[in-house]
Amino acid sequence: MENSEFAKVFWEIAELLELKSASGGENRFKIRAYQKAAQNIENLSENLADIYKKSGIKGLTDIPGVGEHIALKIEELIKTGKEKVHHRLLKEFPHGFIEMIQVPGIGPKTALLLKKKFNIDSAAKLKKAVEKGLIKNLPGFKAKKIENIRKGLELKERVKGRFLLSEADQYVNALVGQLEKIKEADRILPAGSYRRCQETIGDIDILVTSKKPVVIMEAFVKLPQVERILSKGDTRSSVILKNGMQADIRVLDPQNFGAGAHYFTGNKQHNIIIREMAVKKGLKISEYGVFRGNKRIAGKTEEEVFASVGLPFIPPELRQGGNEFEIAKNNGLPELIELSDIRGDLHMHTKYSDGSNTIEEMVEKAEELGYEYIAITDHTKSTRVAGGQTEKEILKELKEIDRINVKLKGLRILKGAEVDILPDGTLDFSDGTLKELDVVIAAVHSNFKMERSKMTKRIIRAFQNKYVNILSHPTGRLIGKRDPYAVDMEEIIKAAKETGTYLEINAYPERLDLNDVHARRAKEEGVLLSINTDSHAAPQLDIMKYGVMTARRGWIDKKDVINTRPLAKLLKLLYAKRR
Ligand code: DGT
Ligand code: CA
Ligand code: CA
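Residues numbered from 1 in each chain as written. Chains lettered and ligands numbered in written order. Predicted model: local features only at pLDDT ≥ 70, side-chain atom pairs only at ≥ 80, totals over all residues. Heavy atoms only, no water.

Asker: Go over the overall build of the protein chain, please, and point to the residues and values.
Answerer: Tallying secondary structure elements over the protein chain gives 24 helices and 17 strands in all. Computed over the C-alpha atoms, the radius of gyration of the protein chain is 25 Å, within 12% of the 25 Å expected from 2.2 N^0.38 for a compact globule of 579 residues. Referenced to the eigenvectors of the C-alpha coordinate spread, the extents of the protein chain come out at roughly 75 × 60 × 55 Å. Of the roughly 26000 Å² that the protein chain leaves accessible, carbon and sulfur atoms contribute 52%. Computing the positive centroid from 98 side-chain charges and the negative centroid from 82, the protein chain places the two 3 Å apart. (Helix = DSSP H or I, 4+ residues; strand = E, 2+ residues; numbered from the N terminus. Rg over C-alpha atoms; globule rule 2.2 N^0.38 Å. Areas by Shrake-Rupley, 256 points an atom, 1.4 Å probe, with all protein chains shown as cover. Lys, Arg positive; Asp, Glu negative; His and termini not counted. Charge placed at Lys NZ, Arg CZ, Asp CG, Glu CD.)

Here it is as structure tokens:
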């Protein structure tokens, strides 16, 4: 089982318990515990089953948010593939119910009500009922609420069948690990949207080179991650994995590695343009190589393929079928940022608000990553649900940071907070308190449905505060769950530039916000970015890679990012606005 499958079981238990609690009973605390465990498991870089194999229950309980109770359930899942509570709940509520409460805008109470009054118990039935205008005369169901449900259904439809990059990542790593064990496999390259680091992945494409394709095929369809075989041939096969994702595999002769890698990486539009360029030079490019007439002139490496049409190597993330060709030809490609360029993480939560770990535990993980600095940025008072601190309460945390810093050698903890931008654009901490902080992250956590111009003004007003350094998750979107709020990004970018405020690329897999397009626009306008994890538990500091991937898709260079700077330079950038 992959981590995302374990997580899914716990998310479902939480959701189903919530359903139960809507009809009376079940406590919040228990539900929250399941959610926390699910979230932490999802963002874990090491596989749960491996942890269990190595260190047993003890290894599991070392994971933040996983206590004895949850650890035993994980053990049960590993041993039997099932878990009792989950199983019992699934029997009690029809499966369509889970689907239905996952529609943005539908909570457990609404779901139960719809079932009771209209016998709606699946997303499909709900869609029909909304389309036909059947949902009416229900208490609390105003036109606006029904409109929100309609939008929620639409959003779900749009992302249907696509998976978060982080979820694909777990499967790709597992599959590649297995394929590497086959001695007939020469090179193994996960290609397609995964290699281009797109924020969502439709299916996984894996290229393998080998002199013995049939052996590879036989082994591939038998891998433990495979649920069902869609097709199986001598050089290509497609399967459905345990999480419902499709994976395509293609085997080519080793001499075709470069041409094959280029072809299967895409995107489609990029491939089409390259082929047109080749045709103009009297060449033909396919996954089998570059040809002049019947003569194969290149194809062993991707560099050769690009060179045949007069281009330098274009990194996969930039193969977007846009203006990468022109820019590459003029030697204008950026030197894309890499994970190893990151010197610290400026956004994370601890037990002082809604995080699972202490400051010291966050520090320990940061030291493991070789960071020079981290900023602790717990929530402030308006975000009550996330344990936001008052101005008085944070003083205790700041003192603790001082105490720990004295003891630390290589790493420096910066004092910070993730401060709420209130509806009128003021902040929920006074300047007197903000002054005590090294890093002020500002974020919108309420009133998402504001009108576009009002939301834009709200955020720009926050930029005008000289203590505000970084705008966190600038559009508030949650991939597949919540659309970005209406905001004029061009205005935001302009205002960021004018005020010396930095924009965040939030690395949380369902946020990736700024997205690639906005990140590129910000760079063009000379706005600096900060790539942060927004971690709520120590192991999540590892999700930095998804932020870096998004940055790379946004043509971002190490120079464009403040947390690639050594500490002294970073502090200069953070304090620049106050002068
Ligand atoms: P996805 O799976 O929807 O996230 O996106 P991709 O880009 O992984 O698309 P996929 O899996 O359909 O195909 C993988 C790559 O294979 C794609 O990026 C480019 C190449 N490819 C697929 N179909 C075509 C085609 O009809 N023409 C060309 N030139 N290339 C194709
Ligand atoms: Ca694909
Ligand atoms: Ca595919």
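From this point, things continue past the structure.
Asker: Mind laying out the side chain of Asp169, listing which residues take part and the relevant values?
Answerer: As for its placement among the helices and strands, Asp169 is situated in helix α10 (residues 165-180). Residue class for Asp169 comes out buried when judged on its relative accessible area of 5%. Within the structure, the side chain of Asp169 is placed 3.3 Å from the side chain of Lys545, a separation counted as a polar contact. For Asp169, the side chain forms a polar contact with the side chain of Tyr546, separated by 2.6 Å. Setting aside residues no more than four positions away along its own chain, Asp169 makes contact with Tyr194, Lys545 and Tyr546. (Buried < 20%, exposed > 50% of the residue type's maximum accessible area, 1.4 Å probe, protein only. Polar contact = N/O pair within 3.5 Å; in protein donor to acceptor, adjacent residues only side chain to side chain. Contact = heavy atoms within 4.5 Å.)

Asker: Now, about helix α18 (residues 391-407): what can you tell me, with residues and values included?
Answerer: With 17 residues, α18 ought to run about 24 Å at 1.5 Å a step, and its terminal C-alpha atoms sit 26 Å apart, in line with that. Here α18 has its buried residues at Glu391, Ile394, Glu397, Leu398, Glu400, Ile401, Ile404 and Asn405. Projected onto a plane normal to the axis of α18, the buried residues spread over an arc of 160° and lie on a single side. Facing away from the buried side of α18 by over 90 degrees, the exposed positions are Lys392, Lys396, Lys399, Arg403, Val406 and Lys407. Packing partners of the buried residues in α18 comprise α17 (359-368), β12 (373-379), β13 (412-420) and α19 (431-434). (Expected span 1.5 Å × (residues − 1). Arc of directions from axis to C-beta.)

Asker: Can you tell me about the coordination of the calcium ion (ligand 2), naming the residues and giving the values?
Answerer: Each protein donor to the calcium ion (ligand 2) is listed here as Asp203 (O), Asp203 (OD) and Asp205 (OD); together their distances run 2.2 to 2.5 Å. Given six donor atoms and angles of 71 to 165° at the metal, the environment of the calcium ion (ligand 2) is assigned as irregular. A separation of 3.8 Å is found between the calcium ion (ligand 2) and the calcium ion (ligand 3), which are bridged by Asp203. With relative accessibility at 18%, the residue Asp205 sits in the buried group. (Donors = N, O, S within 2.8 Å, 3.2 Å for Na, K, Ca; no water. Tetrahedral: all angles 85-135°; square planar, octahedral: opposite > 155°, others 65-115°.)

Asker: An account of the coordination of the calcium ion (ligand 3) is needed here, citing residue identities and associated values.
Answerer: Note on metal geometry: ideal angles are 109.5 degrees for four donors arranged tetrahedrally and 90 or 180 degrees for six donors arranged octahedrally. Every protein donor of the calcium ion (ligand 3) is listed here as Asp203 (OD), Asp203 (OD), Asp205 (OD) and Asp248 (OD), and their distances to the metal cover 2.3 to 2.7 Å. Mapped onto the sequence, the donors of the calcium ion (ligand 3) take the spacing D-x1-D-x42-D. By relative accessible area, which is 22% here, Asp203 ends up partly exposed.

Function cannot be read off these values alone, since they describe shape.
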